Amino acid sequence: VPWRTTREWFVVADALAPRQGACDAVGDDECASTSTVSTALDVVNAWRARGRVPLAVDVTATLISTIRRDRAREAVDEATLRLTYAMTLIRLVNGATDTSQGRFAAPIATLAAKIGLPRELVDLRHDATHDALPTLRALRRGAMSALAWCRRAYWDAQRDAFEYASAY
């Protein structure tokens, strides 16, 4: 794993993917400060340099970084934002469903349903890959849905596994 200790992992998790209902993980004052989120994003970049990070970690960091740039209205044009959101969502759907693919190709929507990936993300992936790039508004909604799924499917599950392992 790219993190040095489970404590390091928990610090990043608390900043980027706090427990459900705590905050939206994008730097709300009630949750992680903007500097804490920035530090966590820097740590994820270090993990990327050390080796392969789990898909949900990479997607979470990319989406939070993109959302922060979007909200700050940094010098990023709409086309670049749309492409960044779309490519990240495509990566999430493809990466999450590829592990479920068997010997024979199954529809992505079927595989996504088995792992609880929202249909909205599958549809956004389909549109971005095969049709016109979805609107920025639709991609923003998809990003929030993707963050919620990553929190449930990876961050909360991994947090529980670490806590269980440390208890025994």
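Conventions adopted
- Residues numbered from 1 in each chain as written.
- Predicted model: local features only at pLDDT ≥ 70, side-chain atom pairs only at ≥ 80, totals over all residues.
- Heavy atoms only, no water.
- Helix = DSSP H or I, 4+ residues; strand = E, 2+ residues; numbered from the N terminus.
- Buried < 20%, exposed > 50% of the residue type's maximum accessible area, 1.4 Å probe, protein only.
- Contact = heavy atoms within 4.5 Å.
- Core = buried A, V, L, I, M, F, W, Y, C linked by side-chain atoms within 4.5 Å.
- Expected span 1.5 Å × (residues − 1).
- Bend = angle between axes of the 7 residues up to and from the residue.
- Salt bridge = Lys/Arg side-chain N within 4 Å of Asp/Glu carboxyl O.
- Axes fitted to C-alpha atoms, helices over the stretch in contact; angles between N-to-C directions.
- Left-handed = near helix turned anticlockwise from the far one by under 90°.
- Nonpolar A, V, L, I, M, F, W, Y, C, P; charged D, E, K, R; others polar.

K.L.:
Could you clarify how one ought to interpret the overall build of the protein chain in this entry?
P.N.:
For the protein chain, the helix and strand inventory stands at seven helices and zero strands. Start at the N end of the protein chain and walk to the C end: the helices and strands fall as α-α-α-α-α-α-α. Overall, the C-alpha framework of the protein chain stretches about 45 × 45 × 30 Å when taken along its three principal axes. Scored against the burial criterion, the 168 residues of the protein chain give a buried share of 42%. For the protein chain, contacts bridging at least 24 residues in sequence account for 70% of all contacts bridging at least 6.

K.L.:
Sorry if this is basic, but what is going on with the nonpolar core here?
P.N.:
Nonpolar side chains tend to gather and get buried jointly when the protein is soluble and globular. Judged by nonpolar contacts, the single largest core of 46 residues is most densely connected at Trp9 and Trp155. Counting only elements with at least two residues in this core, the list comes to helix H1 (6-16), helix H2 (34-50), helix H3 (55-72), helix H4 (78-98), helix H6 (119-130) and helix H7 (136-167). When residues no more than four places from it in sequence are discounted, the contact partners of tryptophan 9 are Trp3, Trp47, Tyr154, Trp155, Gln158, Arg159 and Phe162.

K.L.:
I'm lost on H7 in this one. Help?
P.N.:
Given 3.6 residues to a turn, an α-helix orients residues that are three or four positions apart in the same direction. Under the 1.5 Å per step criterion, the end-to-end length of H7 is 44 Å for 32 residues, consistent within 8% with the ideal 46 Å. The largest bend in H7 amounts to roughly 40 degrees and is located at arginine 151.

K.L.:
Looking at this model, I keep getting lost on the pattern of salt bridges. Mind explaining?
P.N.:
Here the idea is simple: oppositely charged side chains can pair when their charged atoms come close. Per the stated rule, a full pass over the model turns up 10 salt bridges. A salt bridge links aspartate 160 to arginine 19, with the shortest nitrogen-to-oxygen separation between them at 3.0 Å. Placement of the pair is aspartate 160 in helix H7 and arginine 19 in the loop between H1 and H2, with a sequence separation of 141 residues. Of the charged contacts in the structure, one is a salt bridge between aspartate 123 and arginine 119, with a shortest N-O distance of 2.9 Å. With aspartate 123 and arginine 119 both in helix H6 and four residues apart, the pair spans about one turn of that helix. The class for aspartate 123 is partly exposed, based on a relative accessible area of 34%. A single salt-bridge network, built from bridges that share partners, covers Asp14, Asp156 and Arg159.

K.L.:
Where do I start with the packing of H3 against H7 in this structure?
P.N.:
Two quantities define a packed helix pair, namely the angle between the helix axes and the distance between the axes. The contact between H3 and H7 brings their axes to 10 Å, and the two run at 145 degrees. Handedness of the H3/H7 crossing: left-handed. Counted together, Ala56, Val57, Val59, Thr60, Leu63, Ile64, Ile67 and Asp70 of H3 and Arg140, Ala143, Met144, Ala146, Leu147, Cys150, Tyr154 and Trp155 of H7 form the full contact between these two elements. Considering only residue class, the contact of H3 with H7 consists of 13 nonpolar, one polar and two charged.

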